[in-house]
Amino acid sequence: MLDAPLIKTPECSSDAAEDAQHRNLIGMSRDEIRDALAGLSLEPFRAKQLWNWLYVRGVRSFDAMSNMSKPTRAMLAEHFAIDRAEIREDALSEDGTRKWLLGFGDKNEVETVFIPEADRGTLCISSQVGCTLACTFCHTGTQKLVRNLSAGEIVGQVLTARDELGEWNTKEDGRKVTNIVFMGMGEPLFNYDHVARACELLTDGDGVALSKRKVTISTSGVVPRIYQMADELGVNLAISLHAVRNELRNEIVPINRKWPLEELLPALHYYAEKFPSRRILIEYVMLKDVNDSESDAYALVDLMRGLPVKVNLIPFNPWPGSPYECSSNNRIHKFADILAAHHISVPIRRTRGQDILAACGQLKSQSERKRGQKVKLH
């Protein structure tokens, strides 16, 4: 079996690179904010005020915090920052999908995508700069891993989207961003600690206040972290499956060499036992003459037996230099019919944002791993 340990990238985020005298409040927990303010001899109730300004009102300047005195605001500005990433590109698809290229202080970039629909608005966020998985059908996988994002950089993507969509100070039923999916750049469970912190911040009832049922983490199969995620986070789970046999999955989703299907499936059953009222989302990209045969469909039925799942069939989205083609419409629907006949929910994902390379598997920023920079393993 391939020796592929969990990956830990250097903590070289723009947050970490900040002047120590100007710590970014975005990404800090309540307790961390309270302790930091105590170090300045500021009263504990100031932490609650700050939290409200940051996550309910979305302010970007201490000067806007009108319930604090000018000396207090000046002291906060002297020691802290309220940083968002810089929007370097803002692309709008003909179908209403919007993609932002976000840049950080260390010149690295990620992409974040907003997908509006009639009944919800889904924000697809990134967890790493680049990716280490090298899935052969995914454009992001052709970009080398640079580093993890910090919790503040992850949460900041949501705050930036709310800025741009003008949804601060709106009632819950008027929100545009209703769902968060960790399906952007990177493998979220290779950045578990920061992703977990971000989930805690985004689902805090006194802040952004998203329901845990509205947050989904997608993984290609980091089995140990799936168990940990089930025990600790309580958000939804999605699996990038894409093949029903180890031989093929080893090729197109190389992480399978470390954690093959025989190890992945028990982790899914464990998750299902923890959350029996929820369905695990199975993502399956349709590749012509690769994984789209009727025998593949029947094998998928067998693999999913006993699991509460929804299988999301994803028409392959082409990108420059890709070696694959999308399955025909007839082949996709035949595949779906076989699953549906065995009582598996099987929506066919409608491609969104393809004209701006914002569709599934198309994200890739211009950031590249710096020459000579090493990625640490543990």
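Residues numbered from 1 in each chain as written. Predicted model: local features only at pLDDT ≥ 70, side-chain atom pairs only at ≥ 80, totals over all residues. Heavy atoms only, no water.

(A) Unusual backbone geometry, seen in detail. Even without being glycine, Ser41 reaches a positive phi, approximately 65°. Its location among the elements puts Ser41 in the loop between helix 1 (30–38) and helix 2 (45–55). A relative accessible area of 66% means that Ser41 is categorised as exposed. Of note in this structure, Lys107 is not a glycine but carries a positive phi near 80°. Summarising the element assignment, Lys107 is placed in the loop between strand 4 (98–103) and strand 5 (109–116). Residue Lys107 is classed as exposed on the basis of its relative accessible area of 64%. (Helix = DSSP H or I, 4+ residues; strand = E, 2+ residues; numbered from the N terminus. Buried < 20%, exposed > 50% of the residue type's maximum accessible area, 1.4 Å probe, protein only.)

(B) Examining the packing of aromatic side chains more closely. Taken as a whole and judged by the stated rule, the model has five aromatic pairs. A centroid spacing of 6.2 Å and a plane angle of 75° characterise the contact between Phe316 and Tyr324, whose relative ring orientation is edge-to-face. Assigned by exposure class, Phe316 and Tyr324 land together as buried. In this structure, Arg57 packs its charged tip against the face of Trp53, placed 4.3 Å from the ring centre. Lying over the aromatic face of Trp168, Arg162 brings its terminal NZ or CZ to 4.3 Å of the ring centre. (Phe/Tyr/Trp six-rings, centres within 6.5 Å; stacked < 30°, edge-to-face > 60°. Lys NZ or Arg CZ within 6 Å of the ring centre and 35° of its normal.)

(C) Fine view of the sheet that holds strand 3 (residues 86–92). The nine strands lie next to each other as 3-4-5-6-9-10-11-12-13, forming an open sheet whose pairing is mixed. One side of each edge strand has no neighbouring strand; the edge strands of this open sheet are strand 3 and strand 13 (309–315). Adjacent strand axes in the sheet meet at a mean angle of 20°, parallel and antiparallel pairs treated alike. Bridge count between strand 10 (residues 215–219) and strand 11 (residues 236–240): four bridges; the pairing is parallel. Pairing of Ile217 across the sheet is with Leu237, part of strand 11. Against the sheet, helix 6 (residues 223–232) touches strand 10 and strand 11, its axis set at about 165° to strand 11. (Pairing = 2+ DSSP bridges. Axes fitted to C-alpha atoms, helices over the stretch in contact; angles between N-to-C directions. Contact = heavy atoms within 4.5 Å.)

(D) Geometry of the nonpolar core. Phe137, Met304 and Val311 are the most contacted members of the largest nonpolar core, which has 112 residues in total. Among residues more than four places away in sequence, those in contact with Met304 are Leu241, Leu265, Ile282, Val309 and Ile344. (Core = buried A, V, L, I, M, F, W, Y, C linked by side-chain atoms within 4.5 Å.)

(E) Up close: the environment of Asn191. Structurally, Asn191 can be placed in the loop between strand 9 (179–182) and helix 5 (192–202). The exposure class of Asn191 is buried, given its relative accessible area of 3%. Along the backbone, Asn191 and Ala151 are 40 residues apart, and their C-alpha atoms lie at a distance of 9.6 Å. Residues contacting Asn191, with those up to four places away along its chain left out, are Ser127, Gln128, Asn148, Leu149 and Ile154. Separated by 2.9 Å, the side chain of Asn191 and the backbone oxygen of Leu149 make a polar contact. (Polar contact = N/O pair within 3.5 Å; in protein donor to acceptor, adjacent residues only side chain to side chain.)

(F) Expanded view of helix 2. For helix 2, a buried count of eight out of eleven residues is recorded, marking the element as mostly surrounded by other parts of the structure. Those residues of helix 2 lying buried are Arg46, Ala47, Gln49, Leu50, Trp51, Trp53, Leu54 and Tyr55. Its buried side turned inward, helix 2 meets helix 1, helix 3 (70–79), helix 4 (151–165) and helix 5.

(G) Inspection of the pairing of strand 13 at higher detail. Counting buried positions along strand 13 yields six of seven residues, so the element is predominantly enclosed. As defined by bridge partners, strand 12 (residues 280–286) adjoins strand 13 across seven bridges and the pair is classed as parallel. Bridge assignment links Leu281 to a residue of strand 13, and that residue is Lys310. Following the backbone out of strand 12, through helix 9 (residues 294–303) and into the adjacent parallel strand 13, one traces a crossover that is right-handed. (Right-handed = clockwise from strand over helix to strand, strands pointing away.)

(H) Looking closely at the packing of helix 1 against helix 2. As a packed pair, helix 1 and helix 2 sit with axes 9 Å apart at the nearest point and diverge in direction by 125°. It follows that helix 1 is oblique to helix 2 by the angle criterion. The handedness of the crossing between helix 1 and helix 2 is right-handed. The residues of helix 2 that touch helix 1, namely those facing Arg30, Ile33, Arg34 and Leu37, are Arg46, Ala47, Leu50, Trp51 and Leu54. (Parallel < 35°, antiparallel > 145°, perpendicular 65-115°, else oblique. Left-handed = near helix turned anticlockwise from the far one by under 90°.)

(I) Representation of the pattern of salt bridges within the structure. Summed over all chains, the structure comprises 22 salt bridges. In this structure, Arg88 and Glu109 form a salt bridge, with 3.2 Å as the shortest nitrogen-oxygen distance. Separated by 21 residues along the polypeptide, Arg88 in strand 3 and Glu109 in strand 5 bring together distant segments of the chain. The exposure class of Arg88 is partly exposed, given its relative accessible area of 28%. The class of Glu109 is buried, set by a relative accessible area of 11%. (Salt bridge = Lys/Arg side-chain N within 4 Å of Asp/Glu carboxyl O.)

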